[in-house]
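The chain contents come next:
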Amino acid sequence: MSSLNPSQSPQRPPRKPRVAVVFGGRSSEHGISVVTAGAVLAAIDREAYDVLPIGITADGRWALTADDPSRMSIADRALPSVEQIAESAEGDVVLPVAPGNREVLYSEPGSVPKALGEVDVVFPVLHGPYGEDGTLQGLLELAGVPYVGAGVLASAVGQDKEYMKRVFTSFGLRVGPYLVIRPREGERDPAAVRRRIADFAGEHGWPLFVKPARGGSSVGISKVDGFDDLDEALAEARRHDPKVIVEALLRGREIECGVLEFEDGPRASLPAEIPPVTAHDFYDFEAKYIDAASGVVPAPLTEEQTAEVRRLAVEAFEAASCEGLVRADFFLTEDGEFVINEINTMPGFTPISMFPRMWQETGVGYAQLVDLLIRAALRRSTGLR
């Protein structure tokens, strides 16, 4: 009987990289995250990658879910949830916490935990706090697992509208007038808060927009035309975040631009314009996701304006130390200047979302876009970089 020496032993075929798509979460954007995950799961090339879908329930449990994008869409104007597609009502997915160990475990009460295999990269499609704000990114950094999108600092900056504006201002990007109301102010002296807002309105006029300072998807935002509606708007914003930001109305056109990280650096997409929404008071959650109000891609801008907004979008990406992707939102004001409103470090990937539509028009299709993001994450190391 002959034996093979090590140099003659048959080689195992290389394992496909495994992508864990993490979605859902504890924020008010839970349902939109599930819709985004469904679109991403449908687009990932299964010839190139193994996929592990992991949902986070509204109360924070990490659940193994069905790999079934058809169950992760808006139906009858209702958003899906992780609870609806979880494999078990009690089972828990456990991510590794020690660098060098990428083995994901699954456990149910009364059963021996089982290994689900190693994860090579995480695609976190969570929106809002407890996922898009640097918290999940910090966990993945501790575990040494690469992930798609911005790191801890950029994610936190991109989630907090106050500090986002402070960063942009420090880099010379123009932002609109705003006022921040911190939690202790509202608790200590509500009358003083109203006076501050009155002074702000006296300087910039009504209407004002009252927003959760660390929210997204237009959840919790109110357009306020006067003092009669102010208390209700503040209460609605605080229902989502104890920190509130008040912004003046900027008269002009709403322009968006996508930024994507390629091997040679970030590039901007063709921009889009969000036209006035006649059925809604502004481009709110219902208009974006339920009634599917659509933007115009590419935006009808001059060549000079298109080049300028693309330049500014990349500048915003770099200013906030972003990685992977960003959607940058601007106002083109009546004086012809671009004012940056905000960036979104994990923009929606729903079939009607502007980020993939802008890149489609720029020449990068949806499946290619998802692949580019995964490849960029696999190239990056965790830790200081």
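Residues numbered from 1 in each chain as written. Predicted model: local features only at pLDDT ≥ 70, side-chain atom pairs only at ≥ 80, totals over all residues. Heavy atoms only, no water.

**Comments concerning the side chain of Thr-333**
Examined against the element boundaries, Thr-333 turns out to sit in strand 15 (residues 325-333). Note on Thr-333: relative accessible area 10%, which makes it buried. Discounting chain neighbours no more than four positions away, the residues touching Thr-333 are Arg-174, Arg-251, Gly-252 and Val-339. (Helix = DSSP H or I, 4+ residues; strand = E, 2+ residues; numbered from the N terminus. Buried < 20%, exposed > 50% of the residue type's maximum accessible area, 1.4 Å probe, protein only. Contact = heavy atoms within 4.5 Å.)

**Describing the side chain of Ser-27**
Within the element layout of this structure, Ser-27 appears in the loop between strand 1 (18-24) and helix 1 (30-43). What Ser-27 contacts, discounting residues up to four positions off in sequence, is His-127, Gly-128, Pro-129 and Tyr-130.

**What to know about the nonpolar core**
Val-21, Phe-23, Ile-44, Phe-123 and Phe-349 are the most contacted members of the largest nonpolar core, which has 34 residues in total. At the level of elements, strand 1, helix 1, helix 2 (82-85), strand 7 (121-124), strand 12 (252-262), helix 11 (354-362) and helix 12 (366-379) are the ones that each hand at least two residues to this core. Once residues within four sequence positions are removed from consideration, Val-21 is found in contact with Ala-37, Leu-41, Ile-44, Val-51, Leu-52, Pro-53, Ile-54, Phe-123 and Val-125. Listed in part, the 29 residues of the second largest apolar core include Met-164, Ala-299, Ala-316 and Phe-330. (Core = buried A, V, L, I, M, F, W, Y, C linked by side-chain atoms within 4.5 Å.)

**Comments concerning the packing of aromatic side chains**
Centre distance and the angle of the planes are the two values used to describe a pair of aromatic rings. Per the counting criterion, the structure on display carries six aromatic pairs. Taken together, a centroid distance of 5.2 Å and an interplanar angle of 75 degrees make the contact between Trp-206 and Phe-227 edge-to-face. Residue Trp-206 is located in the loop between helix 7 (190-204) and strand 9 (208-212), and its partner Phe-227 is located in the loop between strand 10 (222-224) and helix 8 (230-238); the two are separated by 21 residues in the primary sequence. Seen from their ring centres, Phe-349 and Tyr-366 are 6.1 Å apart, and the 85 degrees between their planes marks the pair as edge-to-face. Of this pair, Phe-349 sits in the loop between strand 16 (338-344) and helix 11 while Tyr-366 sits in helix 12; the two residues are 17 residues apart in sequence, bridging distant segments of the chain. Using a relative accessible area of 0% as the deciding quantity, one classes Phe-349 as buried. Among the aromatic residues, ring-to-ring pairing joins Phe-123, Phe-349, Phe-355 and Tyr-366 into one connected group. (Phe/Tyr/Trp six-rings, centres within 6.5 Å; stacked < 30°, edge-to-face > 60°.)

**Brief notes about the sheet that holds strand 1**
Taken together, the four strands give an open sheet; going across it, the order is 3-2-1-7, and neighbouring strands pair in mixed fashion. Both outer strands of the open sheet, strand 3 (62-64) and strand 7, are each paired with one neighbouring strand and no more. In this sheet, adjacent strand axes meet at a mean angle of 30 degrees when their direction is disregarded. With three bridges connecting them, strand 2 (residues 50-56) and strand 3 associate as antiparallel partners. Counterpart to Gly-55 in the pairing with strand 3 is Ala-63. Taken strand by strand, helix 1 contacts strand 1, strand 2 and strand 7, and its axis lies near 155 degrees from that of strand 1. (Pairing = 2+ DSSP bridges. Axes fitted to C-alpha atoms, helices over the stretch in contact; angles between N-to-C directions.)

**What about the sheet that holds strand 4 (residues 92-94)?**
Reading across the sheet, the three strands line up as 4-5-6 and stay open at both edges, with antiparallel pairing between neighbours. Across the chains shown, the open sheet's two edge strands, defined by having one partner strand only, are strand 4 and strand 6 (114-118). The mean angle between the axes of side-by-side strands here comes to 25 degrees, regardless of whether they run parallel or antiparallel. In this sheet, strand 6 lies alongside strand 5 (residues 103-107) in antiparallel orientation, the contact comprising four bridges. Within strand 6, the position partnered with Tyr-106 by the bridge is Lys-114.

**Re the pairing of strand 11 (residues 244-248)**
A large share of strand 11 lies buried, amounting to five of its five residues. By the alternation rule, side chains of strand 11 split into Val-244, Val-246 and Ala-248 and Ile-245 and Glu-247, which are all buried. The pairing of strand 8 (residues 178-181) with strand 11 spans four bridges and is classified as antiparallel. Each bridged residue has a counterpart across the sheet, and for Leu-179 the counterpart in strand 11 is Val-246. Here strand 9 runs beside strand 11; their pairing, made up of five bridges, is antiparallel. Note that in strand 11 the partner of Val-210 across the bridge is Val-246.

**Topic: the pairing of strand 9**
Within strand 9, five of the five residues are buried, leaving the element largely enclosed by the surrounding structure. The side-chain alternation of strand 9 yields two buried faces, one formed by Leu-208, Val-210 and Pro-212 and the other by Phe-209 and Lys-211. In this structure, strand 9 lies alongside strand 10, joined through three bridges in antiparallel fashion. The partner of Leu-208 across the bridge, within strand 10, is Val-224.

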